[in-house]
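# Breakdown of the fold
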Amino acid sequence: MDNTTENTGTCVQVRAGIPYIAYYSNAGLKFAYWDSSGWVVDTLDSVTSIHNGNPSLVFDQQGYPHIAYFRGTPRYSYLTATGWQREEIDTDSSGDYISLCLDSASIPHVAYNSEWHDVLRSMLKYGFRDSTGWHVEPIDSFGGADCVLRFDNLGRPGIAHCAFWSESALYFSYRDDEGWVKDTILIDDATQCFLVLDDAGKPHISYHWEYSGDYNLRCADHVCDTWRIDVVDPGTDKCGLDNCIAYDHQGMFHISYHCPDSSQLRYAHGNFGNWHVEIVDAVGTWNCSSSIALDDTGHAYIAYCDQDENGALYLASQEELTGINESGNRVLQAQEGCRLFSSGLELLCFLGDDRHQIRDISGRLKASNPEVLGSGVYFISISKGTHPRLFKIVLTR
């Protein structure tokens with residue numbers, strides 16, 4: 001949807017079936033939305049650029065967007081009837097990781113990191129805005145990386161965050177009647193977390209776990225005053241980076257995430273102990289920056305960047321936007337001499353010394369003879385050694 005700039009750091013939201021995306025690019029902070037004619041893209045701040053974290057996008061009760069983002073210091077931009085307004089939240093050099101929420105009165109609150117110890121370790125800060133301006137406070141002298149802020153059913157803030165950006169402790173900080181409380185979920189090996197609350201206001205945190213060469217996408221939830229851990233995808237290809245989790249109010253959770261060693265964007269949906277994993281797209285080996293949102297019917301929308309295409313921004317959805325049905329994706333294993341056909345048009349030919357097979361995503365063996373396939377999005381996977389590569393083909397009839 002945007003290949004005019006190098007992009008990273010996405011945040012997608014869906015309102016009334018319309019997707020909206022805030023994202024960083026080498027041309028500044030951008031805001032995009034879909035209308036009947038295609039994508040409309042605005043540059044909101046040409047000074048900011050690509051960063052470690054994502055901007056944070058929410059909507060108020062009147063349907064106006066609000067965005068928190070990093071521009072050397074934490075910034076806040078919001079749309080009114082007269083146009084976009086911009087403010088500095090804190091003069092401190094902070095906010096590379098930042099998360100925005102509006103409370104029941106549409107008052108903005110933010111959580112963000114501030115470099116404190118050194119470039120790798122930071123502190124967690126919290127702020128809110130009233131009629132007199134922004135009020136900020138440090139709430140944890142160690143943490144703040146990948147912070148995500150949410151409000152529970154009683155209007156109390158909770159924040160998931162990591163000690164620093166790589167293989168560190170995972171925390172959940174929340175405010176009760178006596179002040180801020182910090183739960184340590186893991187003492188090490190976690191990174192890149194994201195937070196969602198269920199209908200009861202209970203936290204569920206997706207994160208990437210790494211230990212001694214093992215890599216998992218995991219999810220932690222809080223049950224009976226205890227944190228329990230579930231392995232969502234036990235893949236060995238560093239799966240779980242750039243993860244984002246959403247909840248559909250039917251008891252199901254939805255997670256987008258990156259598996260860089262297999263160059264895959266994946267999508268997991270289910271609940272504790274029961275997950276289904278799908279391949280969404282073939283992407284680069286780093287900086288996928290995925291984010292996920294659900295529409296009112298529970299259909300998933302995933303924004304992400306493909307570094308193999310110079311950071312081009314994409315949106316994958318389970319609802320049709322362009323006339324190409326992308327809900328029936330299949331992966332085909334293509335080896336020596338195999339050709340893939342659609343409506344008599346030869347699309348791809350691979351020659352190599354691998355075994356001659358074509359299989360669909362269910363594992364059914366395909367004939368090596370030309371086959372007519374319906375319109376949709378297909379993936380060609382070339383298995384060479386331990387790092388298969390995926391290539392995307394869009395078929396139209």
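What you are looking at is a predicted structure, and each value in this text was computed from that prediction instead of being measured. (Residues numbered from 1 in each chain as written. Predicted model: local features only at pLDDT ≥ 70, side-chain atom pairs only at ≥ 80, totals over all residues. Heavy atoms only, no water.)

## Re the packing of aromatic side chains
Filter applied, for reference: The pairing test for Phe, Tyr and Trp rings, Trp by its six-membered ring, is centres within 6.5 Å, and the orientation test on the planes gives stacked under 30 degrees, edge-to-face over 60, and tilted for anything in between. Runs of H or I in DSSP of at least four residues are treated as helices and runs of E of at least two as strands, each being numbered from the N terminus. Each residue is assigned to one of three classes by its accessible area relative to the maximum for its type, calculated with a 1.4 Å probe on protein chains only: buried under 20%, partly exposed between the two thresholds, exposed over 50%.
In total, this model carries 14 aromatic pairs according to the counting rule given. Judged by centre distance (5.7 Å) and plane angle (65°), the ring pair of F172 and W227 falls under edge-to-face. Of the two residues, F172 sits in strand β15 (residues 168-176) while W227 sits in strand β19 (residues 226-233), which places them 55 residues apart along the sequence. The burial state of F172 is the same as that of W227; both residues are buried. Chaining the aromatic ring pairs together yields one cluster made of Y20, F31, Y33, F59 and W84.

## Here's the deal with the pattern of salt bridges
Put simply, the test is: By definition, a salt bridge exists where a carboxyl oxygen of Asp or Glu is found within 4 Å of a side-chain nitrogen of Lys or Arg.
By the definition in use, this model includes ten salt bridges. Here D140 and K182 are joined by a salt bridge, their closest N and O atoms 2.9 Å apart. Taken together, the residues D140 in strand β12 (residues 133-140) and K182 in strand β16 (residues 179-197) connect sequence positions 42 residues apart. Overall, K182 belongs to the partly exposed group, its relative accessible area being 35%. R228 serves as the salt-bridge partner of D221, at 2.8 Å between the closest nitrogen and oxygen. D221 sits in the buried class, given a relative accessible area of 5%. Note on R228: relative accessible area 34%, which makes it partly exposed.

## With respect to the sheet that holds strand β1 (residues 7-15)
Stated formally: Pairing between strands is defined by DSSP: at least two bridges between the two strands are required. A fitted line through C-alpha atoms represents every axis, and for helices the fit uses only the stretch in contact; the resulting angles, taken between N-to-C directions, go from 0 to 180 degrees.
Overall, antiparallel pairing links the four strands, which are arranged β1-β2-β3-β4 in an open sheet. Because the sheet does not close on itself, it has two edges, and the strands there are β1 and β4 (38-45). Between one strand axis and the next, the sheet turns by 20° as a mean value, whatever way the strands run. The pairing of β1 with strand β2 (residues 18-25) spans eight bridges and is classified as antiparallel.

## Focus on the state of the cysteines
Condition: We call a pair of cysteine sulfur atoms a disulfide whenever their separation is within 2.5 Å.
Overall, the coordinates contain zero disulfides when judged by the stated rule. Left unpaired, C239 is separated from the closest cysteine sulfur, that of C259, by 4.6 Å. Its relative accessible area of 0% is what places C239 among the buried residues. Cysteine C305 remains unbridged, with the sulfur of C288 as its closest cysteine sulfur at 7.2 Å.

## A word on the nonpolar core
Condition: Residues belong to one nonpolar core when they are buried, are Ala, Val, Leu, Ile, Met, Phe, Trp, Tyr or Cys, and are joined through side-chain atoms within 4.5 Å. In this analysis, two residues are considered to be in contact whenever any of their non-hydrogen atoms come within 4.5 Å of each other.
In terms of nonpolar packing, the biggest core is built from 54 residues, with I159, L170, I185, I205 and Y207 touching the most fellow members. Looking at this core, the element that brings in the most residues is β16, giving eight residues. If we skip the residues at most four places from it in the chain, I159 touches A111, L124, Y126, I139, C147, V148, L149, Y171, F172, S173, W180 and L195. Judged by nonpolar contacts, the second largest core, of 13 residues, contains Y20, Y24, L44 and F70.

## What about the pairing of strand β3 (residues 28-35)?
Taking burial as the measure, the eight residues of β3 include six buried ones, the bulk of the element. Relative to β3, β2 is paired through six bridges, and the arrangement is antiparallel. Looking across to β3, one finds that S25 is bridged to G28. Taking the residues that link successive antiparallel strands as the turn, the β2-β3 hairpin has two residues. Both β3 and β4 contribute to a ladder of seven bridges, which runs antiparallel. Its bridge partner being in β4, Y33 is matched across the sheet by V40. From the end of β3 to the start of β4, which pair antiparallel, there are two residues.

## Examining the environment of H258
Test applied: Distance and chemistry together define a polar contact, namely a pair of N or O atoms within 3.5 Å, with one atom able to donate a hydrogen and the other to accept it when in protein, and with adjacent residues in sequence counting only for side-chain atoms on both sides.
Residue position: H258 is located in strand β21 (residues 253-259). In this structure, H258 is in contact with K238, C239, G240, L241, D242, Q264, V283, G284, T285, W286, N287 and C288, ignoring residues within four places of it in sequence. Reaching out from H258, the side chain makes a polar contact with the side chain of D242 at a distance of 3.5 Å.

## So, the confidence of the model for the protein
Note the cut-off: Confidence of the predictor at the level of single residues is given by pLDDT, which spans 0 to 100.
Taken over all residues, the pLDDT of the protein has a mean of 82, while the share at 70 or more is 79%. No element of the protein has a lower mean pLDDT than strand β29 (residues 345-349), which averages 32, and none a higher one than strand β5 (residues 56-59), which averages 98. Low pLDDT, under 50, characterises residues 322-373; the predicted model gives this stretch 116 contacts beyond four residues in sequence or across chains. In this model, residues 382-388 is a region of pLDDT below 50 whose contacts with residues beyond four sequence positions or in other chains number 16 contacts.

## Comments concerning the side chain of D152
When you line up the elements, D152 lands in the loop between β13 (145-151) and β14 (157-162). Judged by relative accessible area, which is 18%, D152 ranks as buried. Polar side-chain contacts of D152 include one of 2.9 Å to the backbone nitrogen of L154. A distance of 2.9 Å separates a polar atom in the side chain of D152 from the backbone nitrogen of R156. When near neighbours in sequence (up to four residues on either side) are disregarded, D152 contacts L197 and G201.

## A few points about the sheet that holds strand β10 (residues 108-115)
Spatially, the four strands line up as an open sheet ordered β9-β10-β11-β12, and their pairing is antiparallel. Two strands bound the open sheet, and with one partner strand each, they are β9 (94-102) and β12. Ignoring which end each strand starts from, the neighbouring axes of this sheet average 25° apart. As paired strands, strand β11 (residues 122-130) and β12 are joined by seven bridges and run antiparallel to one another. Across the sheet, residue R129 finds its bridge partner in β12, namely W134.

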